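Structural description and commentary
So the chains spell out like this:
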Amino acid sequence: MKKRFISTIALAGAAAMALTACSSDPEPGASGSAAGGDGGGGGDTIVVGFAQTGSESGWRSANTDSMKEAFSEANGFELIFNAADNDTAAQIAAVRDFINQGVDAIVIAPIVEDGWDDVLQEAADAGIPVILEDRTVSASADLYNAWIGLDFEAEGTKAGEWAAAEFGDTETKMVVLEGTTGSAPANDRATGFDAAIEGTMIEKVDSQTGDFTRDGGKSVMEGFIQNYGIDNIDLVYAHNDDMALGAIEAIEAAGAVPGEDVKIISIDAVHDGMQALVDGKINYIVECNPLLGELVAAAVTGVVNGDEVEPVQYVEDLAFDQAAAEAALPDRKY
Ligand code: GZL
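Here the residue index of a chain counts from 1 through its sequence in written order. Owing to the predicted nature of the model, reporting of local features is limited to residues with pLDDT of at least 70; listing and counting of side-chain atom pairs is limited to 80 or more, with chain, interface and lining totals taken over all residues. Computation of side-chain values covers all heavy atoms of the structure but excludes hydrogens and water.

Below, the discussion takes up the overall build of the chain. The way it works is that DSSP assigns letters per residue, a run of H or I at least four long becomes a helix, a run of E at least two long becomes a strand, and they are numbered from the N terminus. Looking only at helices and strands, the chain features eleven helices and 13 strands. Residue exposure (1.4 Å probe, protein chains only): buried if accessible area is under 20% of the type maximum, exposed if over 50%, otherwise partly exposed. Split into buried and exposed, the 334 residues of the chain put 55% on the buried side. Looking at the chain alone, contacts between residues at least 24 apart form 74% of all its contacts between residues at least 6 apart. Throughout, a residue-residue contact means that at least one pair of heavy atoms, one from each residue, lies within 4.5 Å.

Here is the structure:
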């Protein structure tokens, strides 16, 4: 499937398109919606059901804020929001509820990749378009209209290439704090990182999920320290900043210095992670941009209006060492 990288400039264009589309004249015969929408696409309200993963991390909060800002009443939307507390069954039930409400469109940030075929088929049978944002699913791409997200494997590759350059020539014992089991970011960030360190002297001693939460990262790191001893852990690869921040607490409680005695590589680049990088407690962070709301709103409007919408839209990610983080932190939006 064709991938399209969206630069920041395009984000502004997408916002303009979304606003224009919401205020354009309605197509004749725009389909109605039992949820109070009228099929949208004509200055009338587009009713959107949004099934968010939950509120597990700083990244997720920034993503939710971006989505709520884009899907505002002023922009021509009625947003029905559900956060599933990282519970896949609850998230699928929320999507079924949106179908029963007869919304004009459904947006999903799927907690895990598998298990989506049936409910996506039910949405298709009901004639309700589905847009995936952030994470993706293993179901056929025929079952949803577009995915707007991030290239998680590329994020893992960037992190692994930095680790290989910095530590690949010396014996390095690494532990991994994995994201939510079965989620696209956890799967793909591992794939990209592992390929990048292939053939180096970095040895993966252990790998366990911390479920993308700070508490999860802290308790898993405490377990690693208990099992292997803090002096036998040289490097932590955390699939997100919240788990890295939890690991920092565990490393300091064990009397070691994070960023020095134990190096840390993370992904997301949320504010607290970037601050820890500036403070020298994290050594490298690969960004994962959560500000997807404008692109997703433009895609929903386009699909509801029957316009051509790019099926796969990636938002580009940056990467930061300490100096780059010091320069970038004052101007970052999340
Ligand atoms: C990645 C996103 C991940 C973040 C975590 O796009 O799905 O989920 O890396 C978040 O912080 O919980």
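This part covers the site of the ligand. We call a residue near a molecule or strand when any one of its heavy atoms sits within 4 Å of it. Near the ligand there are 14 residues, and of these Glu56, Asp134, Arg135, Arg189 and Asp268 occur at the shortest range. Think of a polar contact as two N or O atoms within 3.5 Å of one another; within protein, one of them needs to be a possible hydrogen donor and the other a possible acceptor, and neighboring residues in sequence only count if both atoms come from side chains. Side-chain polar atom of Arg60 to an oxygen atom of the ligand: 3.0 Å apart, as the coordinates give it. For the area figures, the Shrake-Rupley method with a 1.4 Å probe applies, and any residue is considered shielded solely by the protein chains shown. Coverage of the ligand by the protein chains reaches 100% of its 320 Å² of free accessible surface. The method works on a 1 Å grid over the protein atoms by themselves. A cavity is a set of points holding a 1.4 Å probe that cannot get out, a pocket is an open set with protein on both sides within 12 Å along at least five of seven lines, and residues with an atom within 4 Å of a point line them. More than half of a molecule's atoms lying within 2 Å of a cavity's or pocket's grid points is what places that molecule inside it. Here the ligand occupies the largest cavity. Three residue categories are used. Nonpolar comprises Ala, Val, Leu, Ile, Met, Phe, Trp, Tyr, Cys and Pro, charged comprises Asp, Glu, Lys and Arg, and polar comprises the others, including Gly. Taken together, the residues of the shell around the ligand break down into six nonpolar, two polar and six charged. What marks off one domain from the next here is an automatic or database domain assignment. Here the shell around the ligand spans two domains, since at least three of its residues come from each of domain 1 (5–151 + 289–317) and domain 2 (152–288 + 323–330).

Turning to helix α2 (residues 58–70), a few remarks are in order. In a helix, the anticipated span is given by 1.5 Å times the number of residues less one. Here α2 contains 13 residues, and its C-alpha end-to-end distance of 19 Å stays within 8% of the 18 Å for a straight helix at 1.5 Å per residue. Every buried residue of α2 is listed here: Trp59, Arg60, Ala62, Asn63, Thr64, Ser66, Met67 and Ala70.

Time to look at the nonpolar core. Ranked by internal contacts, the top residues of the largest apolar core, which has 70 residues, are Phe71, Ile265 and Val300. When residues in this core are grouped by element, the largest group, seven residues, is from helix α10 (residues 293–304). Both domains that furnish three or more residues to this core are identified here as domain 1 (5–151 + 289–317) and domain 2 (152–288 + 323–330). Apart from the residues lying within four places of it in its own chain, the contact partners of Phe71 are Val48, Phe77, Leu79, Val107, Gly293, Val296, Ala297 and Val300. Working definition of a nonpolar core: buried Ala, Val, Leu, Ile, Met, Phe, Trp, Tyr and Cys residues. They are joined through side-chain atoms within 4.5 Å.

In contact at an axis separation of 7 Å, helix α5 (residues 152–167) and helix α6 (residues 184–197) are set at 35° when each is read in the N-to-C sense. In this structure, α5 meets α6 at a crossing whose hand is right-handed. Here Phe152, Glu153, Glu155, Gly156, Thr157, Ala159, Gly160, Glu161, Ala163 and Ala164 of α5 lie close against α6, whose contacting residues are Ala184, Pro185, Asp188, Arg189, Thr191, Gly192, Phe193, Ala196 and Ile197. For the contact of α5 with α6, the per-class residue count stands at nine nonpolar, five polar and five charged. Angles run from 0 to 180 degrees between N-to-C directions of axes, and those axes are lines fitted to C-alpha atoms, restricted for helices to the stretch in contact. In this scheme, a crossing is called left-handed if the near helix is turned counterclockwise away from the far one by less than a right angle; it is called right-handed if the turn is clockwise.

The description of two helices packed together rests on the angle between their axes and the distance between the axes. Where α2 meets α10, the closest approach of the two axes is 8 Å, and the angle between their N-to-C directions is 45°. Here α2 lies oblique to α10, going by the angle between them. Where α2 crosses over α10, the two elements pack in a sense that is right-handed. Contact residues: Ser66, Met67 and Ala70 in α2; Gly293, Glu294, Val296 and Ala297 in α10. Residues that form the contact of α2 with α10 fall into these classes: four nonpolar, two polar and one charged. In this scheme, roughly parallel covers angles under 35 degrees and roughly antiparallel covers those over 145, while 65 to 115 is roughly perpendicular and the rest are oblique.

Per-residue confidence from the predictor is reported as pLDDT, a score between 0 and 100. Here the chain shows a mean pLDDT of 90. Residues at 70 or above account for 87%. Counting interchain partners and residues more than four positions distant, the pLDDT-below-50 stretch residues 8–41 has 74 contacts.

Further remarks concern empty space enclosed by the protein. Grid points are joined across faces, edges and corners, and a volume is the space filled by probe spheres set on the points. Taken as a whole and judged by the stated rule, the model has one cavity of 30 Å³ or more. Taken as a whole, the largest cavity holds about 90 Å³ of empty space. Forming the boundary of the largest cavity are 13 residues, of which Trp59, Arg60, Arg135, Arg189 and Asp268 lie nearest the centre. Looking at the lining of the largest cavity, the elements with two or more residues in it are α2 and α6. Of the residues in the lining of the largest cavity, the class split is five nonpolar, two polar and six charged.

If you check helix α3 (residues 88–101), its first and last C-alpha atoms are 20 Å apart, about what 14 residues at 1.5 Å a residue would give, namely 20 Å. Looking at the buried residues of α3, the elements they touch are β2 (46–52), β3 (77–83), β4 (105–108) and α4 (117–125). Directly beyond the C-terminal end of α3, a positive phi value near 70° is found at Gly102.

When the charged atoms of two side chains with opposite charge come close together, those side chains can pair. Salt-bridge detection follows one rule: a side-chain nitrogen of Lys or Arg within 4 Å of a carboxyl oxygen of Asp or Glu. The final tally for this structure, using the stated rule, is 13 salt bridges. Of the charged contacts, one joins Glu56 and Arg60 as a salt bridge, the two residues approaching to 2.8 Å between their closest N and O atoms. Among the charged side chains, a network of salt bridges with common partners joins Glu56, Arg60, Asp134 and Arg135.

Let us look at the sheet that holds strand β7 (residues 172–178). Sheet strands pair via backbone hydrogen bonds, and the direction of the pair is either parallel or antiparallel. Strand order across the open sheet formed by six strands is β8-β7-β9-β10-β11-β13, with mixed pairing between neighbours. Only two strands of the sheet have a single partner each, and these edge strands are β8 (202–209) and β13 (319–320). One ladder, built from four bridges, connects strand β10 (residues 263–268) with strand β11 (residues 284–287); its direction is parallel. Bridging across to β11, Ile265 finds its partner in Tyr284. With respect to the sheet, helix α9 (residues 271–278) is in contact with β11 and β13, its orientation differing from that of β11 by roughly 150°. Two strands make a pair as long as DSSP finds a minimum of two bridges between them.

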